[in-house]
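Here's the letter readout for the chains.
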Amino acid sequence: MVPWARVVASFVMLSLSAAGCGVSHSGKKQPMAYAGILDLRDWSFERDGSVRLSGEWEFYWKQLLGPDDFDRFGTPRLTAYITLPGYWNELSVGGKALPVMGYATHRLKILLPEDPGALAVRNTAMATSFRLFVDGRQVRSAGVVGTDAGSSRPEYEPGVFPVAGGGREMTFIMQVSNFHHYHGGAGEALILGKEDQLLSQWKKLVFFELFLFGSIIIIGLYHLGVFVLMRKDRSPLYFALFCFCIAFFNQFSGELFFYKLFLDGMGWSNRFLLVNLCVYFMVPSLLMFISYLFPEEVHKRIIPAAWIVAACFSAVALVTPTYIYAWGFALFQIIMIIGFTYCFISLLRASFRKRHGALIMLAGFACFFITAIIDALSFNNIIPFY
């Protein structure tokens, strides 16, 4: 592989690290909901920015409740207060943890400041279908919320949508069902803020994702062309495969602008399958790339073992329903971190031995590695990201 290509590899890893950075607001501490009420009377959306609807929401397990159910005489029976963002399978009721598969209603009352202006909400991932009512009106949905696998349909619909906020209070009622994933519930927080601010932030995020997707695809195609012309050196081939895995993983698990524009008919299940396959082949392709650059730093038995593991997980994903192989995806995240750790150690050894180009690759991969760990931990709700 030509020497400057190592710089390109480091650039890709650094760019992917930047993709995980969130948008910061003012230094004022964001309020948290308590007992189903979020007090924003001292919050200025103009000065303090948007706010995450985090904290204790009312939680009604095995109940799909709408606005009319709370307007009747006698409110529905409250199951518990659930801390969002968070999955209901992490909640214990009566000393027993709730199952992953099920359905529930979440409810939150928000106390607003005077004249909050035109407000909007940004939503990201819900596991795995949801319907949102604000002040009695349905404003957002993704998939079909149901009481079993047959009556529900999963979908992922990130975006920004306006909500009417003419008074001093606002009530959110969110129905969520899950029969297709190893997490159930609202794993990422809704974000409430000024409509123009949220739209501006969302457009910048979409632009960055598209820019990153296009850049990495072009780099991958270039290295694929290099391999076609120079068959003896296979490192460009494995780096191209790594680029394609990263590019499609980011594009099909982010804001989905490209997906919604061209591949909306693919469906949640096929999109989730593609995301899984990208993750499975990310590790062996990166290991092969590093082994061709620094053959003395990577044990030869590691490579076939990585390909066998990736092939086994991929085979399970291709022949089993989503709710089965989704559990394998959770397990593979641990394997992925182990594989990336081995890559880091290999690059560290190469740097200590002063291999050509190893130090700059180590710097780029270190940032990428840290981002991958944070993403895996936040995805499984081990550390808060939203």
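Note that this is a predicted model, so its numbers are computed, not measured.

Caption draft 1: Here's a closer look at the sheet that holds strand S12 (residues 159–163). Reading across from one edge, S2-S15-S9-S12 is the order of the four strands in this open sheet, with antiparallel pairing throughout. If you trace the sheet from one side to the other, it starts and ends with strand S2 (51–52) and S12, each paired once. Bridge count between strand S9 (residues 119–123) and strand S15 (residues 191–194): four bridges; the pairing is antiparallel. By the bridge assignment for S15, Arg122 is matched with Ile191. Strands in contact with helix H4 (residues 195–229) are S9, S12 and S15; relative to S15, the strand with the most contacts, it is inclined by about 115°.

Caption draft 2: Broad picture of the packing of aromatic side chains. Within the structure shown, the criterion is met by 23 aromatic pairs. Look at Phe340 and Phe368: their rings are 5.4 Å apart centre to centre, the planes differ by 65°, and that puts the pair in the edge-to-face class. One end of the pair, Phe340, is in helix H9 (residues 322–352); the other, Phe368, is in helix H10 (residues 358–379), and 28 residues separate them in sequence. Phe340 gets classed as buried once you look at its relative accessible area, which sits at 1%.

Caption draft 3: Spatial organisation of the packing of helix H7 (residues 268–293) against H9. Between H7 and H9, the least distance of the axes is 10 Å, while the angle of their chain directions is 20°. Between H7 and H9, the angle falls in the class roughly parallel. For the crossing formed where H7 meets H9, the hand is left-handed. Classifying every residue of the contact of H7 with H9 by side-chain character gives 19 nonpolar, six polar and no charged.

Caption draft 4: Expanded view of the pattern of salt bridges. Across all of its chains, the model carries ten salt bridges by this definition. Residue Glu296 pairs with Arg355 through a salt bridge whose shortest N-O separation is 2.8 Å. In this pair, Glu296 is assigned in the loop between H7 and helix H8 (302–319) and Arg355 in the loop between H9 and H10, connecting sequence segments 59 residues apart. Overall, Glu296 belongs to the exposed group, its relative accessible area being 61%. The class of Arg355 is partly exposed, set by a relative accessible area of 30%. In this structure, the salt-bridge partner of Glu297 is Arg353, at a minimum N-O distance of 2.6 Å. One end of the pair, Glu297, is in the loop between H7 and H8; the other, Arg353, is in the loop between H9 and H10, and 56 residues separate them in sequence. When its relative accessible area of 1% is taken as the criterion, Glu297 is described as buried. Since its relative accessible area comes to 45%, Arg353 is described here as partly exposed. Three or more residues joined by partner-sharing salt bridges are found here, namely Glu296, Glu297, Arg353 and Arg355.

Caption draft 5: Structural context of the pairing of strand S11 (residues 137–142). Taken together, the five bridges between strand S10 (residues 129–134) and S11 define a ladder with antiparallel strand orientation. Along S11, the bridge assignment pairs Val134 with Arg137. The antiparallel pairing of S10 with S11 creates a hairpin that spans two residues between the two strands, and Asp135 there sits at a positive phi of about 50°.

Caption draft 6: Quick look at helix H5 (residues 235–253). A rise of 1.5 Å per residue sets the reference length of H5, with its 19 residues, at 27 Å; its end C-alpha atoms lie 27 Å apart and thus fit the reference within 8%. Taken residue by residue, H5 has Ser235, Pro236, Tyr238, Phe239, Ala240, Phe242, Cys243, Cys245, Ile246, Ala247, Gln251 and Phe252 as its buried positions.

Caption draft 7: Spotlight on the pairing of S9. Where burial is concerned, most of S9 is hidden: five out of the five residues are buried. Because side chains alternate across S9, one face comprises the buried residues Leu119, Val121 and Asn123, and the other comprises Ala120 and Arg122, equally buried. As paired strands, S9 and S12 are joined by five bridges and run antiparallel to one another. Looking at S12, one finds that Ala120 is bridged to Pro162.

Conventions used here
Residues numbered from 1 in each chain as written. Predicted model: local features only at pLDDT ≥ 70, side-chain atom pairs only at ≥ 80, totals over all residues. Heavy atoms only, no water. Pairing = 2+ DSSP bridges. Helix = DSSP H or I, 4+ residues; strand = E, 2+ residues; numbered from the N terminus. Contact = heavy atoms within 4.5 Å. Axes fitted to C-alpha atoms, helices over the stretch in contact; angles between N-to-C directions. Phe/Tyr/Trp six-rings, centres within 6.5 Å; stacked < 30°, edge-to-face > 60°. Buried < 20%, exposed > 50% of the residue type's maximum accessible area, 1.4 Å probe, protein only. Parallel < 35°, antiparallel > 145°, perpendicular 65-115°, else oblique. Left-handed = near helix turned anticlockwise from the far one by under 90°. Nonpolar A, V, L, I, M, F, W, Y, C, P; charged D, E, K, R; others polar. Salt bridge = Lys/Arg side-chain N within 4 Å of Asp/Glu carboxyl O. Expected span 1.5 Å × (residues − 1).

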